[in-house]
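Chain residues, written in single-letter form:
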Amino acid sequence: MQKRVAAIHDISCFGKCSLTVALPVLSAAGIETPIIPTAVLSTHTGGFSGYTFRDLTDDILPVAEHWQKSDIAVDAVYTGYLGSKEQVGIVMQAVDKIRKPGGFLLVDPAMADHGKLYGGFPADFPLEMKKLCEMADIITPNITEAAMMLGLPYCEGSYTKDYINELMDGLTEMTSADIVLTGVYYDDKTLGAVCQKDGVRTFVASERINAFYHGTGDLFASSLTGALMNGKTLIESVEIAVDFTCVCIRRTFDMHPEMTYAVAFEDEIPYYLKKLGRC
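Please read these numbers as outputs of a predicted model, since none were measured by experiment. (Residues numbered from 1 in each chain as written. Predicted model: local features only at pLDDT ≥ 70, side-chain atom pairs only at ≥ 80, totals over all residues. Heavy atoms only, no water.)

*Asks:* Before we go on, may I ask you to explain the sheet that holds strand 5 (residues 74–79) in this structure?
*Replies:* Two orientations exist for strands paired in a sheet by backbone hydrogen bonds: parallel and antiparallel. A sheet is described by the order of its strands in space; here 7 strands give the open sequence 1-5-6-9-10-11-12, paired in mixed fashion. Of all the strands in the sheet, just strand 1 (5–8) and strand 12 (200–207) have a single pairing partner and so form its edges. With 4 bridges connecting them, strand 1 and strand 5 associate as parallel partners. Within strand 5, the residue paired with Ala 7 across the bridge is Tyr 78. (Pairing = 2+ DSSP bridges. Helix = DSSP H or I, 4+ residues; strand = E, 2+ residues; numbered from the N terminus.)

Pasting the structure below:
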C-alpha cells in the first residue's frame, strides 16, 4: 500500500517553502500527501514586506473531522508553519483525529531563525509551539527555535559543543521525541544536524556553503520525512536530508547567486530519489 503523510503547513504562493516544497518532495518520494493548509500568504515572511495573509484556523478541524468521518487516516503527520498560537491546540486535536495507530508525528517548529521570530508571531509563540513538540515523535528545530522553546539565550555560530549539548539536553528534558537539531556548525567548513535517538547523539555534516536561502529548513524536514516513509532509519534519513539540502544549496549558489528568496531544489530531485533507492 502507498504510504500517506498529512502535511499541515501554510501555502506561501511565492518563495518555495512550506507546502510548495513538501508536496513535490514527498510526492517524488512516492508518498501520497494530503494537505491541511494553515494559512495562505502571497509570499513567505522572510525578506518580503507587505505580504497578504489569510488565516485558515477555522478550517483545520472541519477538514480533519471530515477525513475522520470518511475513514481517511494517515500513516504520519508532518507539521510546519502554523499561523497563530490558537492553531497549535487545534492541530494537536487534528492529529489525534487523522493519524493511524502507530503512525508518527514529525514537528518542524518553523517560527524563527537567526535569533528572531518570523514576522507576525508574538513573543510567547514558542511556548505554544513547545506543547506540540512535547507530543511529537520527531522534532526538527533549528538553533533559534530550540533556544526560544527552552528559554535559553541564542548564540551566533560557529557553535561550541557545550552550547549544542546544552540545547540537546534541554530538548531531551522537554520531549520524549527523537531530536534532529538543524543548522549546526562548529567551523566554517561543515554544516549539518545533530541527531539523537535512544540517547545516542550523532553529528551529520556536509559542506558549508557561504550563502543563505529561505526554505532550506522545509526542504530538509520534507526530505527527512520522505526518507523515513521509505523505510530508512532516522540516522540514514538525516544523512540523506543533509546531503540533499547541501546539493540543492550548491546548485542554487552556482546558478543563481543573487537569488535569496528560495533554494532551487527541483533539478536535484533525481539525486534525492537515488539516495532513497527509488531509481
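Still more to cover.
*Asks:* Please explain the packing of helix 3 (residues 85–98) against helix 4 (residues 125–134) as it appears in this structure.
*Replies:* Any two packed helices are characterised by how steeply their axes cross, that is the angle between the axes, and by the distance between the axes. In contact at an axis separation of 9 Å, helix 3 and helix 4 are set at 5° when each is read in the N-to-C sense. As summarised for this structure, helix 3 and helix 4 are arranged roughly parallel, according to the angle between their axes. Residues Lys 85, Val 88, Val 91 and Met 92 of helix 3 form the contact with helix 4, whose participating residues are Phe 125, Glu 128, Met 129, Lys 131 and Leu 132. Looking at the contact of helix 3 with helix 4, its residues break down into 6 nonpolar, no polar and 3 charged. (Axes fitted to C-alpha atoms, helices over the stretch in contact; angles between N-to-C directions. Parallel < 35°, antiparallel > 145°, perpendicular 65-115°, else oblique. Contact = heavy atoms within 4.5 Å. Nonpolar A, V, L, I, M, F, W, Y, C, P; charged D, E, K, R; others polar.)

*Asks:* What is the right way to read the side chain of Thr 225 from this model?
*Replies:* One can find Thr 225 in helix 7 (residues 216–229). What makes Thr 225 buried here is its relative accessible area of 1%. In this structure, Thr 225 is in contact with Val 5, Leu 26, Tyr 78 and Leu 106, ignoring residues within four places of it in sequence. (Buried < 20%, exposed > 50% of the residue type's maximum accessible area, 1.4 Å probe, protein only.)

*Asks:* I keep staring at helix 2 (residues 57–69) and nothing clicks. Help me out?
*Replies:* Each turn of an α-helix holds 3.6 residues, which means side chains three or four residues apart point in the same direction. Among the residues of helix 2, those classed as buried are Thr 57, Ile 60, Leu 61, Ala 64 and Trp 67. For helix 2, the arc enclosing every buried residue in end-on projection is 125°, short of the 170-degree limit, so these residues lie on one face. Facing away from the buried side of helix 2, by more than 90 degrees, are the exposed residues Asp 58, His 66 and Lys 69. Residue Asp 71 follows helix 2 closely and has a positive phi angle near 60°. (Arc of directions from axis to C-beta.)

*Asks:* Can you walk me through the side chain of Glu 268 in this structure?
*Replies:* On the secondary structure map, Glu 268 appears in the loop between helix 8 (234–255) and helix 9 (269–276). At 2.7 Å, the side chain of Glu 268 forms a polar contact with the side chain of Arg 251. Non-local contacts of Glu 268, meaning those with residues more than four positions away in its chain, are made with Phe 244, Val 247, Cys 248 and Arg 251. (Polar contact = N/O pair within 3.5 Å; in protein donor to acceptor, adjacent residues only side chain to side chain.)

*Asks:* I keep staring at the sheet that holds strand 3 (residues 39–41) and nothing clicks. Help me out?
*Replies:* Taking strand neighbours across the sheet as the criterion, the 3 strands line up as 2-3-4 in an open arrangement whose pairing is mixed. Each edge of the open sheet carries a strand with a single partner, namely strand 2 (11–12) and strand 4 (53–55). Relative to strand 4, strand 3 is paired through 3 bridges, and the arrangement is antiparallel. Bridged to Leu 41 within strand 4 is Phe 53.

*Asks:* So what exactly am I meant to see when it comes to helix 5 (residues 143–150) here?
*Replies:* Burial analysis of helix 5 places 6 of its 8 residues in the buried class, which makes it a mostly covered element. Among the residues making up helix 5, those that are buried are Ile 143, Thr 144, Glu 145, Ala 146, Ala 147 and Met 149. Tucked inside the fold, the buried residues of helix 5 contact strand 7 (112–113), strand 8 (116–117), helix 4, helix 6 (161–174) and strand 10 (178–184). In this structure Asn 142 caps helix 5, since a side-chain oxygen of it lies 3.1 Å from the backbone nitrogen of Thr 144. Just beyond helix 5, the residue with positive phi is Gly 151, at close to 70°.

*Asks:* What should I look at first to understand the environment of Leu 132 in this one?
*Replies:* Checked against the element boundaries, Leu 132 lands in helix 4. Aside from chain neighbours lying at most four places away, what touches Leu 132 is Thr 79, Leu 82, Val 88, Val 91, Met 92, Leu 105 and Val 107.

Function cannot be read off these values alone, since they describe shape.
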